[in-house]
Amino acid sequence: MAHPSLDELTAMLQAARKAGEPDKNNPEQLRLHHELLAACPAFTPNLLRLARLLQLIDQPNVDAQESFAEAQRLLEQAVQSSERSAPSLVELGYFLDDLRNAPEDAFVLYQEGAAKAQETLEYSWAGMIRYWTDQRTTESLSQALRLGERALKAFPESERILYYVTDARRYAEQQGLIPSVED
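Below or above, wherever it landed, is the structure these notes cover. Note that the coordinates shown come from a computational prediction; the quantities given were computed from them, not determined experimentally. (Residues numbered from 1 in each chain as written. Predicted model: local features only at pLDDT ≥ 70, side-chain atom pairs only at ≥ 80, totals over all residues. Heavy atoms only, no water.)

1. A short note on the overall build of the protein
Inference 1: For the protein, the count of helices and strands is eight helices and zero strands.
Inference 2: Traced from its N-terminal end to its C-terminal end, the protein shows the element sequence α-α-α-α-α-α-α-α.
Inference 3: Taken against the 2.2 N^0.38 rule, which gives 16 Å for 183 residues, the C-alpha radius of gyration of the protein at 23 Å runs more than 25% over that of a compact globule.
Inference 4: Principal-axis analysis of the C-alpha atoms places the extent of the protein at approximately 75 × 40 × 30 Å.
Inference 5: For the protein, the proportion of its 183 residues judged to be buried stands at 38%.
Inference 6: Considering only contacts within the protein whose residues lie at least 6 apart along the sequence, 52% involve residues at least 24 apart.
Inference 7: When the accessible surface of the protein is summed, it comes to about 11,300 Å², and 52% of that surface belongs to carbon and sulfur atoms. (Helix = DSSP H or I, 4+ residues; strand = E, 2+ residues; numbered from the N terminus. Rg over C-alpha atoms; globule rule 2.2 N^0.38 Å. Buried < 20%, exposed > 50% of the residue type's maximum accessible area, 1.4 Å probe, protein only. Contact = heavy atoms within 4.5 Å. Areas by Shrake-Rupley, 256 points an atom, 1.4 Å probe, with all protein chains shown as cover.)

Pasting the structure below:
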């Protein structure tokens, strides 16, 4: 059997989510998420969603601890399959904090998740500053400068941010939007 395409996986995930819209305690939704898990055990969005549902939905003839053990296994799998993405780390952290009474373990995951999210934010802001600078319009350069000011406060040691902010300032000076450093 061929592995489902990304489009097929996404459609299966959307169908599973829609199954839970009218009734949050819908066993059909769990069934669909389990089918998706069988089709692709490393599809992180499904792992996270199914783990959350297992914590929320009462399943007949299933012990809560059994559901929680499966949820934890899925969350650990999501951390691994996502290469320790910020959302998966934070989800596992909340699970350990709330359901396993392991706040110290959760805190380590929160820290790692925050560091990953911060790195993503730094790179995203640098890309936005670069994009607006490349536009070289009055409005886009103004946006680049505003975000650059904020980014430098948040990431004062970021060479990437500094490089793009310096570029934005140079073009803004050339267009007379800000005074020249030489003035």
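After that view of the structure, there is still more to cover.
2. Some thoughts on the nonpolar core
Inference 1: If you look at the biggest cluster of nonpolar residues, it comprises 22 residues, and the most contacted ones within it are Leu74 and Leu96.
Inference 2: Elements with a minimum of two residues in this core: α2 (27-39), α3 (44-56), α4 (64-81), α5 (86-99) and α6 (103-135).
Inference 3: Other than its neighbours up to four places away in sequence, Leu96 contacts Gln72, Asn101, Ala102, Asp105, Ala106 and Leu109.
Inference 4: Ala126, Trp132, Ile161 and Val165 belong to the second-largest nonpolar core, a separate cluster that totals 15 residues. (Core = buried A, V, L, I, M, F, W, Y, C linked by side-chain atoms within 4.5 Å.)

3. Examining the pattern of salt bridges
Inference 1: Evaluation of the coordinates by the stated rule reveals seven salt bridges.
Inference 2: Note that Arg31 and Glu28 form a salt bridge whose closest N and O atoms lie 2.5 Å from each other. Placement of both Arg31 and Glu28 in helix α2 is noted, with a separation of three residues, approximately one turn of the helix.
Inference 3: For Arg31, a relative accessible area of 38% translates into the label partly exposed.
Inference 4: Glu28 sits in the partly exposed class, given a relative accessible area of 34%.
Inference 5: In this structure, Glu149 engages Lys153 in a salt bridge whose closest nitrogen and oxygen atoms are separated by 3.9 Å. On the criterion of helical spacing, the pair formed by Glu149 and Lys153 is a turn pair, its members being four residues apart in helix α7 (residues 138-154).
Inference 6: Its relative accessible area of 65% is what places Lys153 among the exposed residues.
Inference 7: The network of salt bridges with common partners includes Glu28, Arg31 and Glu35. (Salt bridge = Lys/Arg side-chain N within 4 Å of Asp/Glu carboxyl O.)

4. Some remarks on the packing of aromatic side chains
Centre-to-centre distance and the angle between the planes together describe a pair of aromatic rings.
Inference 1: With the rule as written, the count across this model stands at three aromatic pairs.
Inference 2: Aromatic pair Trp125 and Phe155: ring centres 6.0 Å apart, planes at 80°, arrangement edge-to-face. Of this pair, Trp125 sits in helix α6 while Phe155 sits in the loop between α7 and α8 (159-174), and the two are 30 residues apart along the sequence.
Inference 3: Their ring planes at 80° and their centres at 5.1 Å tell us that Tyr163 and Tyr164 sit as a pair that is edge-to-face.
Inference 4: Using a relative accessible area of 16% as the deciding quantity, one classes Tyr164 as buried.
Inference 5: A cation over a ring is seen here: Arg136 above Tyr171, with NZ or CZ 3.8 Å from the ring centre.
Inference 6: The aromatic ring of Tyr171 is capped on one face by Arg170, whose charged end is 4.6 Å from the ring centroid. (Phe/Tyr/Trp six-rings, centres within 6.5 Å; stacked < 30°, edge-to-face > 60°. Lys NZ or Arg CZ within 6 Å of the ring centre and 35° of its normal.)

5. A few points about the packing of α7 against α8
Inference 1: Their axes nearest at 9 Å, the elements α7 and α8 cross at an angle of 145°. As α7 packs across α8, the resulting crossing turns out to be left-handed. Of α8, the residues touching α7 (which contributes Leu141, Ala144, Leu145, Gly148, Ala151 and Leu152) are Ile161, Leu162, Val165, Ala168, Arg169, Tyr171 and Ala172.
Inference 2: Its residues placed into classes, the contact of α7 with α8 shows eleven nonpolar, one polar and one charged. (Axes fitted to C-alpha atoms, helices over the stretch in contact; angles between N-to-C directions. Left-handed = near helix turned anticlockwise from the far one by under 90°. Nonpolar A, V, L, I, M, F, W, Y, C, P; charged D, E, K, R; others polar.)

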